[in-house]
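Each chain is listed here by its residues.
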Amino acid sequence: MPKQVKLAAHFPGVNNTTVWSDPRSGSQIDFSSFEHLARTAERGKFDFLFLAEGLRLREHAGEILDSDVVGRPNTTTVLAALSAVTTRLGLAGTLSSTFNEPYEVARQVASIDHLSGGRAAWNVVTSPDAWTGQNFRRGGFLKREDRYRRAEEFLATVRELWDSWAPDALVGDKENGVFARGIDRFVHSGPQFDIRGEFTVPRTPQGQPIVIQAGDSDEGREFAAKTADVIFSRHGSLESGKEFFADVKRRLPAHGREPGELLIMPAATFVLGDTEEDAHEYAREIRYQQVRPATAIQFLEQVWSRDLSAYDADGPLPEVDPDPDAEPLTWGRVRHEKDPLAVAAKWRAIAEEKKLSIRELVIEVTARQQFVGTARQVADSVNEYVQSDAADGFVLVPHLTPGGLDAFVDDVVPHLQERGVFRTDYTGDTLREHLFSR
Amino acid sequence: MGSAQQLHLGVALDGAGQHPAAWRVSGVRPAALFTAAHYLAHAKLAEAASLDFVTLDDTLALQPGGEEVVRGRLDALLTFAAIAPLTSGIGLVPTVTTTHTEPFHLSTAVASLDFASRGRAGILATPSRTEAEVTHFGRRTLPSEVDAEAENAEVVDVIAQLWDSWEDGAIIRDEPTGRFIDREKLHYVDFEGRFFSVKGPSITPRPPQGHPVVAVYGDSPYAHGAEVVLIDEVRDARVRFPDAKLLAGLSIVLAETEQAAIGRRHALEAYAPFPAGGLSFTGTPADLAAELPRLAAASGLDGFHIRPAVLPDDLALFTAETVPALQAAGVFRQAYTGTTLREHLGLGVAANQYAEA
Ligand SMILES: Cc1cc2nc3c(=O)[nH]c(=O)nc-3n(C[C@H](O)[C@H](O)[C@H](O)COP(=O)(O)O)c2cc1C
């Protein structure tokens, strides 16, 4: 049997991927939007639905960013509510290990696993910044270097809690009056957490809910190799995907794990058309909707850390260089590029070679993996990436809320099923079964 | 009959019922307490009778007691989130503890329950004062009762500020200017209190009710500011809480004859005494229906927080017989007249503290 493709649906929420100016764009808050996407993903037999998390509204140049979609509901509440309107779909939510405590996260994820009958997943992220911390009692106490130390111990502690009820602890013997027996006290004493007591949630249907990791540094990859079930990565192109895949899978044996125990699922966008030309034309339109003139300037300012509002987005790049020592102008967006001068030099070279305006350049350099083409072509590419080990599957990021996934499910999934690389129906009940049973 | 005082009725859905031995006599399997279906079934009973709301107790520690009591529970707010899309009228009021949970998370979680239920969310805000919860978090010492209550009050204030931090209509999707939101309608709450600080604004827009209903127990000092107060001590209640909707806790043991009800009560008491606190009634559904308006009028109550001794048994009799009798007497609604919990309770539209008058 060929390698099977894994698929997840990212809720198109907060960012400039989400095109709000499209007349078909609906609410990113109302529950009906989440329900629509979840039902579509389940109709398509997807492995799971995925929610990202942001804990402070983005700011740019001292003001709340008003050009992108902002505002989202609470992750765990939405997932619990989605468990009511789906029966098989996995429900994955991002919860920061920095601004939560293990007892609560363990309890929330375990609760969702019970409420959904074994479909919960937790994406462990490690937001380090004190700026987000201003919304929390904890504040911004955590040094960047410490965030994976905390994340690792956090996850280990959560797992101790999940394991603390014996699988058969819920006795329910009415005659002899034994409700539960075998609830072990947990004692966790480590540098990050010194806690003890009893957990309130029985062992869950999955035993251990699924753990996802999203973070790209060496520490992040080690953390994932040691302990995660799935990596949500940003390496979506064929080349960088293969490199990332090989790098991460190479790390597994040192932790006593097999390559099949950790799935790599990059974020990917897609655009479908009746013909290849239609699809490319539509993709081009979408990019211009996503990167408006103001967005292009703001994006440049993120790297330059300077006020560039006087520049014309349709004109050439500024002559001035980035200010490498300045405080960032944008808060709330993960910066993957560390050296602004090097980035600027690279971008200048690209702009010069391809004769690009600021806006065109931003469109060019922010393009993430896009599957663009007819349904058949997109199915072929997705499959090619998976068979050539650039990924185990994808977390699809539609650009429209909530209907952006419909065409993929209706048109692309059947092609994948025809090729024998994607399930025609769920064969198990739990997310763990969807992901790992052959 | 239109002039008779209209009662408000909430129901506690904790465990297998309010009595510690309820799980032994209920027809419900103990494992069902850890499924959404269990809570959905009971909420549907309450909804079919157009009751105001259901509550679900919670703490961040295991229930005290030994093998013979219900131990363990799921997160109450998430449990109600999991039944929100499958109900349409009943208010959903989970207990949330305010001592250890981040106010920011709490605020978005309740707002999101309000979105998922389309305006039927509330919270029963309670401080936690147990050493067990302290050791589960390991980051602070046990707060004094006074501090825990003061912090509870601060949390309740801050979560309302966060709900208000997006004015209604902040999302404008203004194509010509390329603005998705009008940031003049978003507000930093900049809260600095004794126990914590929060910058804001919320990440979640203002929920459908503006302010989901905040309920507290009457022993909380904060109760004086709350819109709904659940009281166990009925004497002088109206004097103590002049402005709140006052609902008295009332445990019920029902049966078709008074004798049978007393028999049921004794059978339960053979296992364990009834928990202290609140009023209690043992008798027929019809007698209970006659009793409720009298009690309410005598003590200036707005209604009752019904605590069925055994679920679903006592809730089923209450909704099948007591409620129709109350309706016949003209003291309880025939059907929901509004769609939100605020409307059920007759609470006005929540003003936004940031919006210009
Ligand atoms: C694909 C991807 C998705 C992420 N999603 C989130 C998210 O939803 N919320 C969040 O707070 N951080 C998110 N992060 C940030 C990471 O948790 C982490 O803070 C960041 O990547 C820096 O860690 P690193 O240096 O290991 O990459 C994401 C990162 C990646 C690569």
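Residues numbered from 1 in each chain as written. Chains lettered and ligands numbered in written order. Predicted model: local features only at pLDDT ≥ 70, side-chain atom pairs only at ≥ 80, totals over all residues. Heavy atoms only, no water.

With that settled, consider the overall build of chain B. Assigned secondary structure in chain B consists of 11 helices and 13 strands. Here the C-alpha radius of gyration of chain B, 21 Å, is about what a compact globule of 357 residues would show, namely 21 Å. Across the 357 residues of chain B, 61% fall into the buried class. Look at the contacts in chain B between residues 6 or more apart in sequence, and 74% of them connect residues 24 or more apart. Surface summary for chain B: the accessible area is close to 12800 Å², and the carbon and sulfur share equals 54%. Side-chain charges in chain B split into 27 positive and 44 negative, and the spacing between the mean points of these groups amounts to 2 Å. (Helix = DSSP H or I, 4+ residues; strand = E, 2+ residues; numbered from the N terminus. Rg over C-alpha atoms; globule rule 2.2 N^0.38 Å. Buried < 20%, exposed > 50% of the residue type's maximum accessible area, 1.4 Å probe, protein only. Contact = heavy atoms within 4.5 Å. Areas by Shrake-Rupley, 256 points an atom, 1.4 Å probe, with all protein chains shown as cover. Lys, Arg positive; Asp, Glu negative; His and termini not counted. Charge placed at Lys NZ, Arg CZ, Asp CG, Glu CD.)

This next bit is on the site of the ligand. Residues and elements named next belong to chain A. Taken together, 18 residues sit near the ligand, with Glu-53, Arg-147, Tyr-148, Asp-216 and Ser-217 positioned nearest. The separation between an oxygen atom of the ligand and a polar side-chain atom of Arg-147 is 2.9 Å. Considered on its own, the ligand offers 610 Å² of accessible surface; in the complex 86% of this is hidden by protein. Within the residue set of the shell around the ligand, elements represented by two or more residues are helix H5 (147-162) and strand E12 (230-233). Grouping the constituent residues of the shell around the ligand by class yields six nonpolar, seven polar and five charged. (Near = heavy atom within 4 Å. Polar contact = N/O pair within 3.5 Å; in protein donor to acceptor, adjacent residues only side chain to side chain. Nonpolar A, V, L, I, M, F, W, Y, C, P; charged D, E, K, R; others polar.)

Turning our attention to the confidence of the model for chain B. Of the residues in chain B, 99% have a pLDDT of 70 or more, and the chain-wide mean is 94. At the level of chain-chain contacts, confidence expressed as ipTM amounts to 0.97, with global pTM at 0.97. (pLDDT = per-residue confidence, 0-100.)

On to empty space enclosed by the protein, then. Throughout the structure, instances matching the rule amount to six cavities of 30 Å³ or more. By volume, the largest cavity is sized at about 380 Å³. Every residue lining the largest cavity is counted, 29 residues in all, and those nearest its centre are Glu-104 and Gln-108 of chain A together with Thr-101, His-105 and Ala-109 of chain B. At the level of secondary structure, the elements contributing two or more residues to the lining of the largest cavity comprise helix H2 (75-85) and helix H3 (102-116) of chain A together with helix H3 (76-81), strand E3 (91-97) and helix H4 (103-116) of chain B. Lining the second largest cavity are 13 residues; nearest its centre among them are Thr-18, Trp-20, Ser-67, Gln-289 and Gln-290 of chain A. (1 Å grid on protein atoms, 1.4 Å probe; cavity = no way out; pocket = protein on both sides within 12 Å on 5 of 7 lines; lining within 4 Å. Points joined across faces, edges and corners; volume = space filled by probe spheres on them.)

Right, let's talk about the sheet that holds strand E3 (residues 59-60) of chain A for a bit. All names here are of chain A. As summarised here, the arrangement of the three strands in space is E4-E3-E14, forming an open sheet in which the pairing is antiparallel. Either end of the sheet is taken by a strand with one partner, and the two such strands are strand E4 (63-64) and strand E14 (330-331). In terms of strand pairing, E3 meets E14 through two bridges, oriented antiparallel. When the bridges of E14 are listed, Glu-59 appears paired with Trp-331. (Pairing = 2+ DSSP bridges.)

It is worth spelling out the packing of aromatic side chains at this point. Applying the stated criterion across every chain yields a total of 22 aromatic pairs over all chains. By way of ring pairs, the aromatic residues Phe-46, Phe-270, Phe-408 and Phe-422 of chain A are connected into one cluster. The ring of Tyr-188 of chain B has Lys-199 of chain B lying over it, and the distance from NZ or CZ to the ring centre is 4.9 Å. The ring of Phe-274 of chain B carries Arg-265 of chain B above its face, with NZ or CZ at 4.1 Å from the centroid. (Phe/Tyr/Trp six-rings, centres within 6.5 Å; stacked < 30°, edge-to-face > 60°. Lys NZ or Arg CZ within 6 Å of the ring centre and 35° of its normal.)

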